[in-house]
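Residue-level structure breakdown
What follows is each chain in one-letter form.
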Amino acid sequence: MRKLPEGVASGRIVETEAYVVGDAAGHAYRGMTRRNRSLFLEHGHAYVYLAYGSSYMLNVSSEMRGIGAGVLIRALEPLDGIPIMRLNRGIERLRDLARGPGRLTAALRVDRWLDGLDLCRDGPLCLGRGDEPGETGQSIRIGISRDASRLLRFYLRGSPFVSGPRSLNE
DNA sequence: AGTGCGATTGACT
DNA sequence: GTCAATCGCACTA
């Protein structure tokens, strides 16, 4: 759930990727740096960084304080504040509003200022209860070369709101 | 101080 | 399907 001056925007997380302890593809692999320090916060904190100079990525730290690991939030099924997301994205199509990690942060207007935020407490950005879990599929991660074969991407099976090629979403 | 490179996206053939 | 934009950061010297 994202709180903005115009109102609340929220949705159901339908796709994630895990970057686990000892993961060569994870940003925490070579220790703590200025950019990745939020990955080492207690589980449930936001790690936001800029990728490719234009897209923000939203992660949730997943281990105890001092251990670097996290989960990348890759796609959202928009539920509330859809007009707000449409304005933030500059497009109309519901399916594309938050399908992809960079699109998701754009739709929710998530940027570096939210880095380090506790997502389990009431605030400008927070996680809610997961009603309707649904059937989860598993695949390799997208855009990853190191540790490429690990099945650490999780998605809601059958959801039109997940990103990635069809071959990974069966 | 300089260099190389992405956990992507949107535009285009 | 292909491809370039874009910039903060980690790395080297």
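Look a little higher up for the structure.
Quick look at the structure, then. Not measured: the values here are computed from a predicted model.

Note that Arg141 resides in the loop between strand 6 (136-139) and strand 7 (153-156). You can call Arg141 buried: its relative accessible area is 3%. A polar side-chain atom of Arg141 sits 2.6 Å from a polar atom in the side chain of Asp23. In terms of polar contacts, Arg141 uses its side chain to reach the backbone carbonyl oxygen of Asp147, at 3.3 Å. Here Arg141 is in contact with Glu17, Ala18, Tyr19, Asp23, Ala25, Arg146, Asp147, Arg150, Leu152 and Arg153, once residues within four sequence places are set aside.

It is worth spelling out the protein's contact with DNA strand B at this point. Around DNA strand B, the surrounding shell holds 19 residues, and the nearest of these are Tyr52, Asn59, Arg89, Gly102 and Arg103. For DNA strand B, the fraction of atoms within 4 Å of the protein that belong to sugar or phosphate moieties is 49%. One of the side-chain nitrogen or oxygen atoms of Asn59 is found 2.4 Å away from a base nitrogen of DNA strand B. For the surface near DNA strand B, the secondary structure elements donating two or more residues are strand 4 (55-61), strand 5 (70-80) and helix 2 (101-107). Its residues placed into classes, the surface near DNA strand B shows nine nonpolar, seven polar and three charged.

Formed by 18 residues in total, the largest nonpolar core has its most connected members in Leu58, Met85, Leu104, Leu108, Val110 and Leu125. Residue assignment for this core shows that the elements contributing at least two residues are strand 3 (46-51), strand 4, strand 5, helix 1 (82-89) and helix 2. Among residues more than four places away in sequence, those in contact with Leu108 are Arg2, Leu4, Ala9, Leu76, Met85 and Asn88. Membership of the second largest hydrophobic core comes to 10 residues, among which are Ala25, Ala28, Phe40 and Tyr49.

In total, this model carries 13 salt bridges according to the counting rule given. Among the ionic pairs, Glu77 bridges to Arg12, the shortest N-O distance being 3.4 Å. One end of the pair, Glu77, is in strand 5; the other, Arg12, is in strand 2 (residues 7-19), with 65 residues separating them in the sequence. Judged by relative accessible area, Glu77 falls into the buried class, the value being 19%.

Let us look at the packing of aromatic side chains. Two aromatic rings, taken as a pair, are described by how far apart their centres are and by the angle between their planes. Under the defined criterion, the tally for this structure stands at one aromatic pair. Ring geometry for Tyr47 against Tyr49: centres 5.3 Å apart, planes inclined by 25 degrees, an arrangement best described as stacked. The exposure classification of Tyr47 matches that of Tyr49, with both residues buried. Taking NZ or CZ as reference, Arg35 lies 5.3 Å from the ring centre of Tyr49, over its face.

This paragraph deals with the protein's contact with DNA strand C. The environment of DNA strand C is made up of Arg30, Thr33, Arg34, Arg35, Leu50, Tyr52, Gly53 and Arg112. When atoms of DNA strand C within 4 Å of the protein are sorted by moiety, sugar and phosphate together comprise 82%. With respect to DNA strand C, the side chain of Thr33 contributes an N or O atom lying 2.5 Å from a phosphate oxygen. The contact in question runs from a base oxygen of DNA strand C to an N or O atom on the backbone of Tyr52, over 2.4 Å. Here the residues of the surface near DNA strand C are counted per class, giving two nonpolar, two polar and four charged.

Reading guide: rules and limits
Residues numbered from 1 in each chain as written. Chains lettered and ligands numbered in written order. Predicted model: local features only at pLDDT ≥ 70, side-chain atom pairs only at ≥ 80, totals over all residues. Heavy atoms only, no water. Helix = DSSP H or I, 4+ residues; strand = E, 2+ residues; numbered from the N terminus. Buried < 20%, exposed > 50% of the residue type's maximum accessible area, 1.4 Å probe, protein only. Polar contact = N/O pair within 3.5 Å; in protein donor to acceptor, adjacent residues only side chain to side chain. Contact = heavy atoms within 4.5 Å. Near = heavy atom within 4 Å. Nonpolar A, V, L, I, M, F, W, Y, C, P; charged D, E, K, R; others polar. Core = buried A, V, L, I, M, F, W, Y, C linked by side-chain atoms within 4.5 Å. Salt bridge = Lys/Arg side-chain N within 4 Å of Asp/Glu carboxyl O. Phe/Tyr/Trp six-rings, centres within 6.5 Å; stacked < 30°, edge-to-face > 60°. Lys NZ or Arg CZ within 6 Å of the ring centre and 35° of its normal.

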